[in-house]
Amino acid sequence: MKHFILYSTLAALFVLSSMNSHGQNRRLTPHNAKLLPLVPKPKPADSTTLNYDNIKLMPSNLFMPLVFDKQQNCDTGDIMQHHHDITGDTKLNMNDDWLNRALEQRRRNKNTRYDVMVKHPQLVPYNVSTLPEPPKEHVVVADPNKNKLEIETAEVEPTAIDPMLDRREIKTRNWLHTVKTSLHFTQAYISHNWYQGGENNINVLGDLQWDINLNQKLHPNYLFENTLRYKIGVMTAHNDSLRNYAINEDNFQFNSKFGYKAIKNWYYSATLQFKTQLFNSYKSNTRTMTASFLSPGELNIGLGMTYNYKDENEIKVLSLSIAPLSYNLKECRDIERLKPSTFGIKDGRHTKHNFGSNLECKFVWKIRPNIAWSTRLYAFTNYEYVQGDWENTLDFSITRHLSTQIYTHLRYDKSRPYDTDWKHWQFKEILSFGLTYRFATN
């Protein structure tokens, strides 16, 4: 009887499967074969149909074994509350879309795993309350009294959690300070009976640079850079009967640049440059002064555009400022002991005003971790004369605090008196070795 009922059921299912929705027979015949949809034949696996380079498999806890820890609600939870806190009043001043996406993905994974545990408890192999204890760490201890090595369980101190950790405020730095100091020197000692003759000499070159820049990560639409730099070089002057030393480098310079973002890396900008020297300079074996404080002094203010570029790791940094409208002021404070005409100022006057255009380009390239090249090109013109400076520094870092530098300075100033050898050109080159120290607040 049982076999009869089973065979009758199978026959009924076969008849129903061969009938269409109107009760008609759906057996395949030559007349209705073309009315049936064609099922594509399965193709063998072809590796060219998939682009494996574009497949990104991210780690996910969905594939981990299910472990039941506590009863919870899929719609709410700690993760959602944490997500709400981040996107609330304590939202960081930056793009946190990636964090929101990650938290949302984690919430979905958590709800999916818990939903599977509720609907299919037989698939949950572990319960957090019945999991075995983790293996303990053991150490080998020598007992000199027994002349034995004993294995003991290592005591693991629990990590102390600061209860005020979540309440600590995140400090943001609006201003980034960088200070770089260096002291380079050359020294030579020659005995009085040296067969070629010569004199002892010591040259010292000090350099102090302080950069104060606005943090562009917090203020991406603004550009505010300030640099205060002072360089002084002192050398022994044995050939000078009036002095024991001479100053071959004395430059106090302040640069400031403020800009508002126009498009991409371009900014509407205003630039300021001021430079002078602090000490008096004299010609050898004379009391003729060649320069002093604010003699000369130079101030330049320009309005224009600035292009600012930094690569991802700041290996190459480029800054280009073009100011079609520029004001230039030259000053000679001491006209009694100095000739203003040597600085491009008419004799008997303290100042000279010019309007024109200026250009400044700075480029820094870290060729190697221990080799860096920096260059600066500056030019000003009032459309009657041109004044320009081109400075290059090649820095070789031997250790963290020892370095060798090659510094060149090419200058062109058509307002100065004409020289038969160099014409309107001037040139300076310094090769130095010494100590360098740099620290920054980021």
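Remember, it's a predicted structure, so these values are computed and weren't measured experimentally.

## Description of the overall build of the protein
Of regular secondary structure, the protein possesses three helices and 18 strands. Expressed as a percentage of contacts within the protein between residues at least 6 apart in sequence, the contacts between residues at least 24 apart total 55%. For the protein, the accessible area works out to roughly 33200 Å², and carbon and sulfur atoms hold 59% of it.

## Quick notes on a nonpolar patch on the surface
A cluster of nonpolar side chains, contributed by Leu183, Phe185, Ile202 and Val204, occupies part of the molecular surface with about 330 Å² of accessible area. Take Phe185: it is sitting in strand β5 (residues 175-188).

## Focus on the environment of Tyr126
With respect to the helices and strands, the residue Tyr126 is situated in strand β2 (residues 126-127). Residue classification places Tyr126 among the partly exposed positions, given a relative accessible area of 40%. Sequence separation between Tyr126 and Leu66 is 60 residues, and the spatial gap between their C-alpha atoms is 6.6 Å. Filtering out sequence-adjacent residues up to four positions away, Tyr126 remains in contact with Pro65, Leu66, Val67, Phe68 and Leu131.

## With respect to the pairing of strand β17 (residues 402-413)
The alternating pattern of β17 places Ser403, Gln405, Tyr407, His409, Arg411 and Asp413 on a buried face and Leu402, Thr404, Ile406, Thr408, Leu410 and Tyr412 on a face that is not buried. Both strand β16 (residues 386-397) and β17 contribute to a ladder of 11 bridges, which runs antiparallel. Opposite Glu391, over in β17, you have His409 as the bridge partner. What sits between β16 and β17 in their antiparallel hairpin is a turn of four residues. As paired strands, β17 and strand β18 (residues 425-441) are joined by 11 bridges and run antiparallel to one another. The residue of β18 that forms the bridge with Ile406 is Leu431.

## Describing the side chain of Arg376
Checked against the element boundaries, Arg376 lands in strand β15 (residues 371-381). One polar contact links Arg376 to Glu360, side chain to side chain, over a distance of 3.0 Å. For Arg376, the contacting residues outside a window of four places in its chain are Gln253, Asn255, Gln273, Glu360, Cys361, Lys362, Asp389, Trp390 and Glu391.

## Examining the sheet that holds β17
Strand order in this closed barrel of 12 strands is β5-β6-β7-β8-β9-β12-β13-β14-β15-β16-β17-β18, and the pairing throughout is antiparallel. On average, adjacent strands in this sheet sit at an angle of 20 degrees to one another, irrespective of strand direction.

## Description of the side chain of Ser326
Summarising the element assignment, Ser326 is placed in strand β13 (residues 316-331). If sequence neighbours within four positions are ignored, Ser326 has contacts with Asn300, Ile301, Gly302, Asn354, Phe355, Gly356, Ser357, Asn358 and Phe380.

## Examining the packing of aromatic side chains
Taken as a whole and judged by the stated rule, the model has 11 aromatic pairs. Ring plane angle 45 degrees and centroid distance 5.2 Å describe the contact between Tyr327 and Phe355, whose orientation is recorded as tilted. Remark: Phe355 occurs in strand β14 (residues 351-368) and Tyr327 occurs in strand β13; sequence separation between them is 28 residues. Here the basic side chain of Lys316 rests over the ring of Trp365, its NZ or CZ set 5.2 Å away from the ring centre.

## Comments concerning helix α3 (residues 97-119)
With 23 residues, α3 extends 33 Å from end C-alpha to end C-alpha; this agrees with the ideal 33 Å at 1.5 Å per step. Listed as buried for α3 are Asn100, Leu103, Arg107, Asn109, Asn111, Arg113, Tyr114 and Met117.

## Looking at the confidence of the model for the protein
Per-residue confidence for the protein gives a mean pLDDT of 80, with 78% of residues at or over 70. Mean pLDDT in the protein bottoms out at helix α2 (residues 78-86), which sits at 44, and peaks at strand β9 (residues 266-276), which reaches 96. Across residues 2-7, where pLDDT falls below 50, the model places zero contacts with residues more than four positions away in sequence or in other chains. In this model, residues 13-39 is a region of pLDDT below 50 whose contacts with residues beyond four sequence positions or in other chains number 11 contacts.

## Points about the environment of Val317
Relative to the elements of secondary structure, Val317 occurs in strand β13. Residue classification places Val317 among the partly exposed residues on the basis of a relative accessible area of 21%. Taking the C-alpha atoms as reference points, Val317 and Lys362, separated by 45 residues in sequence, lie 8.0 Å from one another. Beyond its immediate stretch of four places on either side in the chain, Val317 contacts Tyr309, Lys310, Lys362, Phe363 and Val364.

## So, the pattern of salt bridges
Counted under the stated rule, the structure contains 15 salt bridges. Where Glu360 meets Arg376, a salt bridge forms, and the shortest distance between an N and an O atom there is 3.0 Å. Of this pair, Glu360 sits in strand β14 while Arg376 sits in strand β15, and the two are 16 residues apart along the sequence. Taking relative accessible area as the criterion, Arg376 reaches 11% and is therefore assigned buried. Through salt bridges with shared partners, a single ionic network connects Lys275, Lys330, Asp389, Arg411 and Asp413.

## Some details on the pairing of β16
Walk down a regular strand and you will see the side chains alternate between the two sheet faces. Where β15 and β16 come together, 11 bridges link them in antiparallel fashion. Counterpart to Ala379 in the pairing with β16 is Gly388. Between the end of β15 and the start of β16, which pair antiparallel, lie four residues, with Tyr383 showing a positive phi angle near 70 degrees.

## Some words on unusual backbone geometry
For the bond running from Ser295 to Pro296, omega is 5 degrees, close enough to zero to count as cis. Relative to the helices and strands, Pro296 resides in the loop between β11 (289-291) and β12 (297-310). Phi angles above zero are rare outside glycine, and Lys264 is one such case at about 50 degrees. For Lys264, the location among the structural elements is in the loop between β8 (245-263) and β9. Judged by its relative accessible area of 67%, Lys264 falls in the exposed class. One non-glycine residue, Tyr383, lies in the positive phi region at around 70 degrees. Checked against the element boundaries, Tyr383 lands in the loop between β15 and β16.

Conventions and cut-offs
Residues numbered from 1 in each chain as written. Predicted model: local features only at pLDDT ≥ 70, side-chain atom pairs only at ≥ 80, totals over all residues. Heavy atoms only, no water. Helix = DSSP H or I, 4+ residues; strand = E, 2+ residues; numbered from the N terminus. Contact = heavy atoms within 4.5 Å. Areas by Shrake-Rupley, 256 points an atom, 1.4 Å probe, with all protein chains shown as cover. Patch = residues over 30% accessible without salt bridge, like charges linked within 9 Å, V, L, I, M, F, W, Y side chains within 5 Å. Salt bridge = Lys/Arg side-chain N within 4 Å of Asp/Glu carboxyl O. Buried < 20%, exposed > 50% of the residue type's maximum accessible area, 1.4 Å probe, protein only. Pairing = 2+ DSSP bridges. Polar contact = N/O pair within 3.5 Å; in protein donor to acceptor, adjacent residues only side chain to side chain. Axes fitted to C-alpha atoms, helices over the stretch in contact; angles between N-to-C directions. Phe/Tyr/Trp six-rings, centres within 6.5 Å; stacked < 30°, edge-to-face > 60°. Lys NZ or Arg CZ within 6 Å of the ring centre and 35° of its normal. Expected span 1.5 Å × (residues − 1). pLDDT = per-residue confidence, 0-100.

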